[in-house]
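Spelled out from the first residue to the last, the chains are:
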Amino acid sequence: MKVRLIYDIALSLLLARWRQTLVAAIGVTFSITMFIALLSFMGGLNKLLDSLITNRTPHIRLYHQLQPAKVQPAQLYPGFKNAYNFIASIKPKNRQLDIHNSGAVIAALHRDAHVAGVAPRLQAQVFYNVGVTDITGLLNGIDAAAESRLFSFGDYIIAGNAADLSAVTDGIILGKGVADKMLAHIGDVIQVTAGNGTHLQLKVVGFYQSGLQQVDDVESFVAVGTAQKLLGEPGSYITDIEIKLNDIKEAPALAKVYGRLFNVDAIDIQTANSEFETGGNIRTTISYAVGVTLLIVAGFGIYNILNMMIYEKMDSIAILKATGFSGRDVRNIFILIALSIGVIGGGVGLITGFGLSAIIHHVPFNTNALPTVHVYPVDFNPRFYIIASVFSVLTTYMAGYFPSRKASKIDPVVIIRGK
Amino acid sequence: MEQTAIKAIGINKWFRDQTDFRVLTNVTFSVNKGEFVSVTGKSGCGKSTLLYILSTMDTDYEGDLYLDGASMRDKKEQELAVVRNEKIGFVFQFHYLLNEFTVLKNVMLPGLKLARYTAHEVEHKAYEHLKMLGIKDEALKYPNQLSGGQKQRVAIARALINDPLIIMADEPTGNLDKKNSEVVFDIFSELAHKYHQTLLIVTHDNDFASRTGRIIEMVDGQIVGS
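Residues numbered from 1 in each chain as written. Chains lettered and ligands numbered in written order. Predicted model: local features only at pLDDT ≥ 70, side-chain atom pairs only at ≥ 80, totals over all residues.

Peer 1: Could you give an account of the packing of helix H12 (residues 274-312) of chain A against helix H15 (residues 382-408) of chain A, naming the residues involved and the relevant values?
Peer 2: Residues and elements named next belong to chain A. Across the interface, H12 lies against H15 with an axial gap of 8 Å and an inter-helix angle of 25°. As the angle between them shows, H12 and H15 are arranged roughly parallel. Of the two possible hands of crossing, H12 and H15 adopt the one that is right-handed. Mapping the contact onto sequence places Val-292, Leu-295, Ile-296, Ala-298, Gly-299, Phe-300, Ile-302, Tyr-303, Leu-306, Asn-307 and Ile-310 in H12 and Phe-391, Ser-392, Thr-395, Thr-396, Met-398, Ala-399, Gly-400, Phe-402, Pro-403, Lys-406 and Ala-407 in H15. Taken together, the residues of the contact of H12 with H15 sort by class into 15 nonpolar, six polar and one charged. (Axes fitted to C-alpha atoms, helices over the stretch in contact; angles between N-to-C directions. Helix = DSSP H or I, 4+ residues; strand = E, 2+ residues; numbered from the N terminus. Parallel < 35°, antiparallel > 145°, perpendicular 65-115°, else oblique. Left-handed = near helix turned anticlockwise from the far one by under 90°. Contact = placed C-beta atoms within 7 Å. Nonpolar A, V, L, I, M, F, W, Y, C, P; charged D, E, K, R; others polar.)

Given below as C-alpha cells:
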C-alpha cells in the first residue's frame, strides 16, 4: 500500500514534468545504445582478430626442438657427482626432428577425452624454383581434411579446393604471395627443391591467403605423403602434431602433460600468442571505459533534472512533509523517479543498442586480409546487455540519491514561512 | 480520559542569526479537546513560530510539548511525521495543494499515507468531506482550476481526512476576501460546534478571533491574555 502510494506520487511528479523526464530518459537511452553498440562491435572485432589466431593455430603443438641436451655426459659420471662441472661451448644435439612413434602418439591423443581432434604436419624448408631464381619457402605437409575440420584451413583457400590436395597426386596449394611472385596459375606445374637437394614437380591446385603477409609470402601446402616423398622420409615421419582441445583454457596445463608423456616439446596457444591476448584485453578495457563514461554523463543529466525538479517542487515537498510524509518517504519518491528514468531509458536503450549492433552487422566489410568476412563483425554477447542494465540502474540510482537526500532534508517550516 | 489535546510547557525559541533573537519566551498553555481556540497578535509576535513548534515541524526549541498526552521531545523525524499524519490537520494561509493531483487525490493523500482504511474507504471519506464543504462537484478538477475560497475548502477537507486530534490553521483567511473568509469561518465554526473538532487558529484578524471559543493573545513572544 505504502509502496504503491510512493509510486503513485512519483509517477504524478514524473508526468507533470514529462518533457524533462523524456530528455533525461533519452540521455540514458542514448548512452546505453552506444555502450552496447560499442562493446558489441569491439567484442566482435576482438573475436575476429583472436579467431585469426585461435581458429587456425593448434591449441597445443607437439614438436621436437633443436636444442642442447639438458643433461651432459659429464654430469652423469659418478666420479663427478659431488663436483661442480664447468662445460664450455655446448652445442645442440644432433637429433631427428620427427616425432618418434608418431602413429601411436596420434592414436593415444584420439582416445583422450580432452582432445577435439588431431592433425599431423610435416614442415620442410624448400626453395621454389622460378627460372633462374630460387625463392625460399616453407612447405607444410598436411592432412587437408583434418586441417579443414579443425583449423578452418578450407576458409583460407581463395582459389581451388582444399580437398584437391589429397585427390591430386603431388598437388600443391601456394601461398598467395608465393604464387604472385612465381606468376603461377591453377593447373601450372612448379618445381621445388628440398634442403637435401631433391627436386619435385608439383601441380598447383589452389591458392591460400591467411591475411598475414609474412605467412602468405612463404608458406605452401602439400599432402603429408608428398612432403615425405620430397624429403625422402618414410610414411611415419611427422615433425608436428597439432591438437585442438575441447576447452582452449586447458591448453597450458595439458601441454605440460603431453610434453612429459610423449617426451616431446609442447607449446600451448596462450604461450605462443600471448601478445594477442594482451591486445584484446587493452581494446576491451578502452571500450568499457568509453562506455562507462557515456553512462556517467547520462547520470549527470539525471542529476541535473532531478535537482531542478526538486527546486520546483519545494512547495510540494514541504506540504507532503507537513501532512505526514517523512523525509524517507520523500527520498524514496525522488529515488523512484530517478530509477524509473533509468529503467525505462535503459530498457529502450537495450533494444536500440541491439538494433544498432544488428545494423552494424549488416554493413559490408570486405578486406583481402580476411577472406571469410563480408560484414563488420559484432559480438551479440548477453554479458554486454547485463552490464549495461546493471550500470544504467546503478548510475541513475547514484544520480537520484544525492538530490533526493537533499529533498528529504528540506525543512517545511522554511518553505511555508517564506511565503 | 485525557482531556488535554495539546499542552505546551515553558516553550522558548531563539532565532540564531548574526545576533540571537528570542522569539518565544516561556510559552505555557494547553488546549482541551473540543475547544475552538484562536491565537492572535501583531505580525512578528511569534504566533506562527509557535504554531510550527506545536505542529512538530519545527523541532528547534526548548521546553516540553505534549500531544494527546505524549511527549514530542525525543521523537525522531519519522515518528513526528507519523504524529503529524495521524493527529494533526493543517490549513495554511496559502492553500498548498499539489497541482499534480486532482482535488480528490489531494484530500486522499494523507489518508492513503496513514493507511488506516483501504484506498476505497479513504476515497469515500474524502467525498463525504468534500460534500460537507460544498465542493463535491470539483473533486476531479485540478487545484489550479479552483478559486481561492474553493482551494481553502479543499485544504480543510484534506486536514479532516484522518479525523485528527487537532486542526491547526495559520492565517486561514489571510489570503481570502470577506465573503470567502466568512465561508471558511462558518466551516470552522460548524466543525467546532457540530463535530466537536479541536481547532487552533492563528490569525491577526481580531474580528475572526473574537468569534472563537477562546483567544490567546501574544505580544513579543509571550502570552499576555488567555
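Peer 1: Talk me through the interface of chain A and chain B; I want residue IDs and the actual numbers.
Peer 2: A common way to report how large an interface is uses the accessible area buried once the components associate. Taken together, the 21 residues of chain A in the interface contact 24 residues of chain B. For the side of chain A that touches chain B, the elements supplying multiple residues, two or more each, are helix H1 (2-16), helix H13 (314-322), helix H14 (327-360) and helix H16 (412-417) of chain A. The dominant element in the side of chain A that touches chain B, judged by the number of residues it contributes, is H1(A), at five residues.

Peer 1: Go over the sheet that holds strand E2 (residues 20-32) of chain B, please, and point to the residues and values.
Peer 2: Residue and element names in this part refer to chain B. Within the open sheet, the four strands sit side by side as E2-E1-E4-E5. Their pairing is antiparallel. Two strands lie at the open edges of the sheet, namely E2 and strand E5 (70-71), each paired on one side alone. Of the pairings in the sheet, the one linking strand E1 (residues 4-16) to E2 comprises nine bridges and is antiparallel in character. Along E2, the bridge assignment pairs Phe-15 with Phe-21. Sitting on the sheet, helix H1 (residues 47-54) is in contact with E1, E2 and strand E4 (62-67), with an inclination near 120° to E1. (Pairing = 2+ DSSP bridges.)

Peer 1: If you had to explain the packing of helix H2 (residues 18-54) of chain A against H14(A) to someone new, which residues and values would you point to?
Peer 2: The geometry of a pair of packed helices is captured by two quantities: the angle between their axes and the separation between those axes. Residues and elements named next belong to chain A. One way to put it is that H2 packs onto H14 with a least axis distance of 7 Å and a crossing angle of 40°. Of the two elements, H2 crosses H14, and the hand of that crossing is right-handed. For the contact of H2 with H14, the residue count by class is 16 nonpolar, 13 polar and no charged.

Peer 1: Which residues make up the sheet that holds strand E3 (residues 36-41) of chain B, and what values do they have?
Peer 2: Each strand in a sheet pairs with its neighbour through backbone hydrogen bonds, running either in the same direction (parallel) or in the opposite one (antiparallel). Residue and element names in this part refer to chain B. Here six strands make up an open sheet; going across it, the order is E6-E7-E8-E3-E9-E10 and the pairing mixed. At either end of the open sheet lies a strand with only one pairing partner, and these are strand E6 (88-91) and strand E10 (222-225). This sheet shows a mean twist of 25° between the axes of neighbouring strands, independent of strand direction. One ladder, built from four bridges, connects E3 with strand E8 (residues 198-202); its direction is parallel. Each residue of the ladder has a partner; that of Phe-36, found in E8, is Leu-199. Strand contacts of H1: E3, strand E7 (166-170), E8 and strand E9 (214-219), with the helix running at about 150° to E7, the strand carrying the most contacts.

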